[in-house]
Amino acid sequence: MEVDGKTKVCALLGDPVEHTLSPLLHNSFGESEKVNVVYTAFNVKKEGLEAALKGAFALGIRGFNVTVPHKESVIPFLSGMDPLAERIGAVNTLALTDKGYKGYNTDATGFMRSALGFEDEIRDREVIMIGAGGAANAVLCGLYELGAKRVYILNRSAAKAEAKFGSDKRNVILPLEGFRDIPDNKYFCAQCTSVGLSPNDEAAPIEDKDFYKMIGSAIDIIYKPEETRFMRMVREKGGRAENGLPMLLFQAVESFRIYHGVTVGEEGIKEAKDRLYRKVYGNGKNST
Ligand code: ATR
C-alpha cells in the first residue's frame, strides 16, 4: 500500500505494546479492503494517556485499540460510550468523532463470533466460565448475548467474582473446586484466566479430571500455546476445544468496521487469518 496525503492513521495504545498482533491484522484488512490506512502502536504510560488523546484528536487520528493498562482508565477522557462498552465497563476500541473519541468494546463481539460454532451448546443452556479478570467481563456479556440462560462462574477468588458479577442473579459464583456443586451435565465452558499462558504451558486452572468429564465443548481465550493444557484435558475427555486466536481476529474485524465503516469480507478475513497463524505458530495452519 502506498502512503500518501490521504492516508489515515490508526494505532494501538498500551504499555507494553511490542508484541501486539493488531498492526498485522489491521494492515492486512486495509490492503484487502482497499482502505487507505496505516496502523501502528504507541507505548503510552498512564500519566501520558490524557495528553496522548488530546494530541491524537488534534492530529485527526482515526481510531485506536486500547489494551492493558488503559482499558478502564481511559473512559473518563472519552466523549461518549457505546452501550455495550458501558455494560462491560471497559473499552478496547476508540473512534474519532467531532467531539473527541467514543469508546467501544469489540471483545464481546469477537468472542461471540468466535463462538458461533458452539451456539447450540450456549443458547438457552447453562454454561460455565472460569475466571473473573478483565477478559471475563466481555466474555460474560457475550455468553448472555448468545442466549445463555445461566453462567456458573468459577474463580480462584470467589469473593472477587462475587463483587464483580454477583448482582446479576443469572450468575452462580463458586470457587474453582465448587464445580462439584454444578448439576451433572455436559456444559460449554469459556476459560478466561491467564493460567496456561506460554511459557507456563503446563498449568490449567483446574487440574481435577472429574471437571473435564462435565465439559462438552470449550473455548480457551489463550492462544499461545496453540493447544493449552486446559484444551488438551477437554479433548482427552472427548470434548471439543478451540483457542482464543479467532476471538482476537474477530475483535479486530469489528474494530475495523467501527473505524472505517467497512466490513471485512470473507477473503480478507482468510488472508489476515493465514498471516496471523503464520506469525503466531510459524505455519499457515488454519485450524478454525
Ligand atoms: P486481569 O488483569 O484481567 O484481572 P489477571 O489478574 O491475570 O488478569 O487475572 C485473570 C484471571 O486469572 C482471574 O480470574 C484470576 O483469578 P483471581 O481473580 O482469583 O485473581 C485468574 N488467575 C490468575 N492466576 C491464577 C492462578 N494461578 N490460579 C487460578 N486462577 C488464576
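These figures come from a predicted structure and were not determined experimentally.

(A) Inspection of the overall build of the protein at higher detail. Counting secondary structure elements, the protein contains 11 helices and 12 strands. Relative to the 2.2 N^0.38 estimate, which gives 19 Å for 288 residues, the radius of gyration of the protein is 19 Å and therefore close to what a compact globule would have. Dimensions along the principal axes, computed over C-alpha positions, put the protein at roughly 60 × 40 × 35 Å. Here the protein, with 288 residues, has 50% of them falling under the buried criterion. The long-range share in the protein, meaning contacts at least 24 apart out of those at least 6 apart in sequence, stands at 67%. Per element, the accessible surface of the protein, about 13,300 Å² overall, is 50% carbon and sulfur. Of the charged side chains in the protein, 38 are positive and 39 negative, and the gap between their average positions amounts to 0 Å.

(B) Layout of the sheet that holds strand β5 (residues 93–96). The six strands are arranged β2-β1-β3-β5-β6-β4 in an open sheet whose pairing can be described as mixed. A strand with exactly one partner marks an edge of an open sheet, and here the two such strands are β2 (37–43) and β4 (80–81). Bridge count between strand β3 (residues 63–66) and β5: three bridges; the pairing is antiparallel. Directly across from G63, in β5, lies its bridge partner A95. Its contacts with the sheet put helix α1 (residues 22–33) on β2 and β3, and the angle it makes with β2 is roughly 165°.

(C) Quick look at the sheet that holds strand β7 (residues 126–130). If you trace the six strands from one edge of the open sheet to the other, you get β9-β8-β7-β10-β11-β12, paired in parallel fashion. Among the strands making up the open sheet, the edge pair consists of β9 (171–175) and β12 (240–242). Mean inter-strand twist for the sheet, computed between neighbouring axes without regard to direction, equals 20°. Of the strand pairs in this sheet, β7 and strand β10 (residues 187–191) are connected by three bridges, and their pairing is parallel. Within the sheet, the bridge partner assigned to I130 lies in β10 and is Q191.

(D) Inspection of the domain arrangement of the protein at higher detail. Domain boundaries assigned for the protein yield domain 1 (8–104 + 246–281) and domain 2 (109–243). Spacing between the C-alpha centres of domain 1 and domain 2 amounts to 26 Å. Taken together, the contacts link 16 residues of domain 1 with 17 residues of domain 2. Our count for the domain 1 to domain 2 interface comes out at one salt bridge.

(E) Examining the pairing of β9 more closely. Relative to β9, strand β8 (residues 150–155) is paired through five bridges, and the arrangement is parallel. The residue bridging I153 from the neighbouring strand is I173, located in β9. Handedness of the crossover joining β8 and β9 through helix α7 (residues 158–165): right-handed.

Thresholds, definitions, all that
- Residues numbered from 1 in each chain as written.
- Predicted model: local features only at pLDDT ≥ 70, side-chain atom pairs only at ≥ 80, totals over all residues.
- Heavy atoms only, no water.
- Helix = DSSP H or I, 4+ residues; strand = E, 2+ residues; numbered from the N terminus.
- Rg over C-alpha atoms; globule rule 2.2 N^0.38 Å.
- Buried < 20%, exposed > 50% of the residue type's maximum accessible area, 1.4 Å probe, protein only.
- Contact = heavy atoms within 4.5 Å.
- Areas by Shrake-Rupley, 256 points an atom, 1.4 Å probe, with all protein chains shown as cover.
- Lys, Arg positive; Asp, Glu negative; His and termini not counted.
- Charge placed at Lys NZ, Arg CZ, Asp CG, Glu CD.
- Pairing = 2+ DSSP bridges.
- Axes fitted to C-alpha atoms, helices over the stretch in contact; angles between N-to-C directions.
- Domains from an automatic or database assignment.
- Salt bridge = Lys/Arg side-chain N within 4 Å of Asp/Glu carboxyl O.
- Right-handed = clockwise from strand over helix to strand, strands pointing away.

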